[in-house]
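Letter by letter, the chains look like this.
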Amino acid sequence: MDPDVANFAVVAAIIVGMVASLVAIGLWGFRGVKRRSPAHEAANPLYEQRLDQIQQSVDAIAVEVERIAEAQRFSAKLLAERADAPALPR
C-alpha cells in the first residue's frame, strides 16, 4: 500500500472519530440543559412579583438618569453661553 494512501486513511479515521465525539458531546450537553430547565413548569408567583419590582426599579432609575442628563445638558449650555459672552469691564 502506498504510504500517502495509508496516511490519508489514518487522517480520515481521526477526523471521523473527532466529529463523532463532538456530536456526542453536543447531544449530551443539549440533553443536560434541556433536562435542567423544563419549559412546562409553572411560573412561581413570587418570581413574577420580584420581576415586576425589578422592572419598576429599573424604570425609576431610567427616569432619574434622564433627569440628571437633562440637567447636565442645561448646565453645559449655560457654560457655553457664558464662554461666548464678552467679559464685563471692571
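Rules of the game
- Residues numbered from 1 in each chain as written.
- Predicted model: local features only at pLDDT ≥ 70, side-chain atom pairs only at ≥ 80, totals over all residues.
- Heavy atoms only, no water.
- Salt bridge = Lys/Arg side-chain N within 4 Å of Asp/Glu carboxyl O.
- Helix = DSSP H or I, 4+ residues; strand = E, 2+ residues; numbered from the N terminus.
- Buried < 20%, exposed > 50% of the residue type's maximum accessible area, 1.4 Å probe, protein only.

Is there a simple way to explain the pattern of salt bridges in this structure?
When charged atoms on two side chains of opposite charge get close, those side chains can pair. Across all of its chains, the model carries three salt bridges by this definition. In this structure, the salt-bridge partner of Arg 67 is Glu 64, at a minimum N-O distance of 3.0 Å. Note that Arg 67 and Glu 64 are positioned in helix α2 (residues 45-84) at a spacing of three residues, about one turn of the helix. We classify Arg 67 as exposed; its relative accessible area is 53%. The residue Arg 73 makes a salt bridge to Glu 66 at a minimum N-O spacing of 3.1 Å. Since its relative accessible area comes to 44%, Arg 73 is described here as partly exposed. Connected through shared salt-bridge partners, Glu 66, Glu 70 and Arg 73 make up one network.

In short, the description is geometric, and any link to function would need to be established separately.
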